[in-house]
Amino acid sequence: MGKTLLQKVWDLHTVRPLSTGQTQLFIGLHLIHEVTTPQAFDMLRARGIGVAFPDRTFGTTDHIIPTLDQVRPFQDTLAEAMLSALERNCAEYDIPLWNLDSDRQGIVHVIGPELGLTQPGMTIACGDSHTSTHGALGAVAFGIGTSQVRDVLASQSLAFDPLKVRRIAVNGTLDNGVFAKDVILEIIHRLGVQGGVGHAYEYGGTAVDQMSIDERLTICNMSIEGGARVGYVNPDQTTFDYLRGRPFAPQGDAFDRAVSWWRSIASDADAEYDDVVDIAATEIEPRVTWGINPEQSVGVSQRIPGPGAAGSNGAVAEALEFMGLSGGMPIKGTKVDVAFVGSCTNSRLSDLREAARIAKGQRVASHVKALVVPGSQAVLAAAEREGLDQVFRDAGFEWRGAGCSMCLAMNPDRLEGNQMCASSSNRNFKGRQGSPTGRTLLMSPAMVAAAALAGEVADVRDIVQRRE
Amino acid sequence: MSNRAVDRIEGSALPLRGDNIDTDRIIPARFLKAITFDGLGDHVFEDDRAAMPHHPFSNPAYQQARIILANDNFGSGSSREHAPQALKRWGIDACLGESFSEIFRGNALAIGLPCATASPDDIARLMDLVENTPATPLALSLSERSVTVDGQPVGIDVEDHVRDAFLTGTWDATGLLLDDFDVVRGVASRVPYIRGF
């Protein structure tokens, strides 16, 4: 019987089984940012413990970064204190930091793959739940809390419960206008926001095989929204082609040797899974969330469920009340006030290209505030080389600096009052985008662009077809 | 590294109804903008409390509560340890729910806040009870895997390793992970991407 990638990576990184039934795993790559680490370094200092492998930890800054005025010190003194703490801690412990003055700075889950730090067969940890993103390259990546950040700094290892593996096979071809974002929203809708608890999700099938790394990153990113702490795609030629030549990828002959190892850690054809789910790609349409968790979504041609929906236990009614939406109404035509293209889910070059393709030569509706926030300085520069910034500006979008921005609104970009936001981010939780009464509709970047133009939720397929 | 052992948590309980209560609701992101966890207890469920005047965390009857009663998938979403930190700093010493998200449960363990589960029926019964009589004393015992109300024990679930960690005061993992550091170095020297391809 063959093994899954998860089992192979797990076995390779096992330090020792613990008497508790957990396994102590070596962490190959640790990524840090300003929000979840200052307390971890303070705990280390208080205990007189050093950083075990400073060359296996890399820092950047993303969550609190203003996307307009980045002059230091920041006007927001709390944000300034956080970045200063990160600078101090990285300097004290010899940890590389890509700060605002570096062309490598960006959202931690964008720059890891971009720099080739993220590689197949690695174990990765970061104090952020969207660390699952890195699984797109065949890594096993865990989101962790601050005390665990401390533990990785101290010991380069963590204790984990065993994980089951659910293979999710998406077979067939996606319709024009249907994207990786729609696939993961469909998966979460079907399996639920806690369907993945205790599991790693292995994504495969012909639709995933055909996807670019950017698209796979989008899918793995939202594994945690389905309750799965870990999500991954087996490494293949697409993965190797993506990594070749990146700064931290192996170079020259070492790259070819790495490829043969990377191939070997993919799940075996006869691997045994704890569960298998099949999804037909042709059944997926562009999806939009209507509620307050990422499972609450419908296809753009569908209607919002009614408050008495079966098995909803009052959750639908609560969501509809918060969202100010009526059950039974079509989701299409829902008015939006803000449009946000960005976040670790959908802020890569291909995401911006898809949104720009829709926006090109059009105008954002007069009542909509629309912003595009690239995921990294590298994405920003590449987009500007292609003239995407001008396409967006001409259409009435604001073009901003790189960071997490309005995904969680720890910087000045936030919703006001009960604004409704078409967003390419990952969470539609109450208050997520910075206003306690602000409302989020999750969708693909192309769908966000379409909503920005129409001033309401629109079907991006209509625009694509009209132009063909 | 040895910490305070935890077995029995006795006190009143606070009913927090609803499935999938996420960590953004427990502690909104704007309160993460700090370099310590100090003061987080003041902002527990701040936005939910503003929206719901009768929120249990605002209700004077529950201000002494030490145990949270929760429904399904409590603590989903963000990995922010600030969520269990805020609950603990408010005065919560144990969470009893139908289920918890994985990262929240791990973060809670790391700071010495046990999360135990009970059946949906038992949770519903306990919630009704403390809604009717907020001062009802509960005694949650990790060693006995039970919560006792009015002399009647109700079974609760806690994973073996979590229970042992609390009972022996070893819930802070740093010491355990550093126990055999040569082995960690050994793994580092064998993984191909560190050893070199």
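Residues numbered from 1 in each chain as written. Chains lettered and ligands numbered in written order. Predicted model: local features only at pLDDT ≥ 70, side-chain atom pairs only at ≥ 80, totals over all residues. Heavy atoms only, no water.

Visitor: With reference to specific residues and values, describe the domain arrangement of chain A.
Guide: Put simply, an interface is often sized by how much accessible area is lost when its parts join up. Residues and elements named next belong to chain A. In terms of domains, chain A is made up of domain 1 (5-275) and domain 2 (286-467). If you average the C-alpha positions of domain 1 and of domain 2, the two centres end up 25 Å apart. With 43 residues of domain 1 at the interface, the matching set in domain 2 holds 48 residues. Here domain 1 meets domain 2 over a buried area of about 3500 Å², counting both sides, of which 57% is carbon and sulfur. Looking at the side of domain 1 facing domain 2, the largest losses of area belong to Thr-67, Ile-107 and Lys-181, adding up to 17% of the total buried there. (Domains from an automatic or database assignment. Contact = heavy atoms within 4.5 Å. Buried area = accessible area lost by both parts, 1.4 Å probe.)

Visitor: I'd like a description of the pairing of strand 7 (residues 146-149) of chain B, backed by residues and values.
Guide: Residues and elements named next belong to chain B. With 4 bridges connecting them, strand 6 (residues 138-141) and strand 7 associate as antiparallel partners. Counterpart to Leu-140 in the pairing with strand 7 is Val-147. In this structure, the hairpin formed by strand 6 and strand 7 is closed by a connection of 4 residues, where Arg-145 is found at a positive phi of approximately 50 degrees. When strand 7 meets strand 8 (residues 152-155), the two strands line up antiparallel, connected through 4 bridges. Opposite Val-149, over in strand 8, you have Gln-152 as the bridge partner. Linkage of strand 7 to strand 8, two consecutive antiparallel strands, is achieved through a turn of 2 residues, within which Asp-150 is found at a positive phi near 55 degrees. (Pairing = 2+ DSSP bridges. Helix = DSSP H or I, 4+ residues; strand = E, 2+ residues; numbered from the N terminus.)

Visitor: Let's hear about the interface of chain B and chain A: which residues, and what values?
Guide: Contact with chain B, which involves 54 residues of that partner, is made by 77 residues of chain A. Summing both partners gives a buried area of about 5100 Å² for chain B against chain A, and 59% of it is carried by carbon and sulfur. On the chain B side of the contact with chain A, Lys-33, Tyr-193 and Phe-197 of chain B bury the most area, a combined 17% of that side's loss. Between chain B and chain A we count 7 salt bridges in total. Residues Glu-318 of chain A and Arg-25 of chain B are paired through a salt bridge, measuring 3.4 Å at the closest nitrogen-oxygen approach. The interface formed by chain B and chain A includes 28 residue pairs in polar contact (both at pLDDT 80 or more). Of all elements in the fold, only helix 1 (23-26), helix 2 (46-51), helix 4 (102-110), helix 7 (174-178), helix 8 (181-190) and helix 9 (192-195) of chain B reach the threshold of two or more residues within the side of chain B that touches chain A. Per-element tally for the side of chain B that touches chain A: the top contributor is helix 8 of chain B, with 7 residues. (Salt bridge = Lys/Arg side-chain N within 4 Å of Asp/Glu carboxyl O. Polar contact = N/O pair within 3.5 Å; in protein donor to acceptor, adjacent residues only side chain to side chain.)

Visitor: Would you mind going over helix 11 (residues 315-323) of chain A in detail, with residue names and values included?
Guide: Residues and elements named next belong to chain A. Those residues of helix 11 that fall on the buried side of the exposure criterion are Val-316, Ala-319, Leu-320 and Met-323. Each buried residue of helix 11 sits inside an arc of 95 degrees when the element is viewed along its axis, so together they form one side. Where helix 11 is buried, its residues contact strand 18 (420-423) and strand 19 (439-442). (Buried < 20%, exposed > 50% of the residue type's maximum accessible area, 1.4 Å probe, protein only. Arc of directions from axis to C-beta.)

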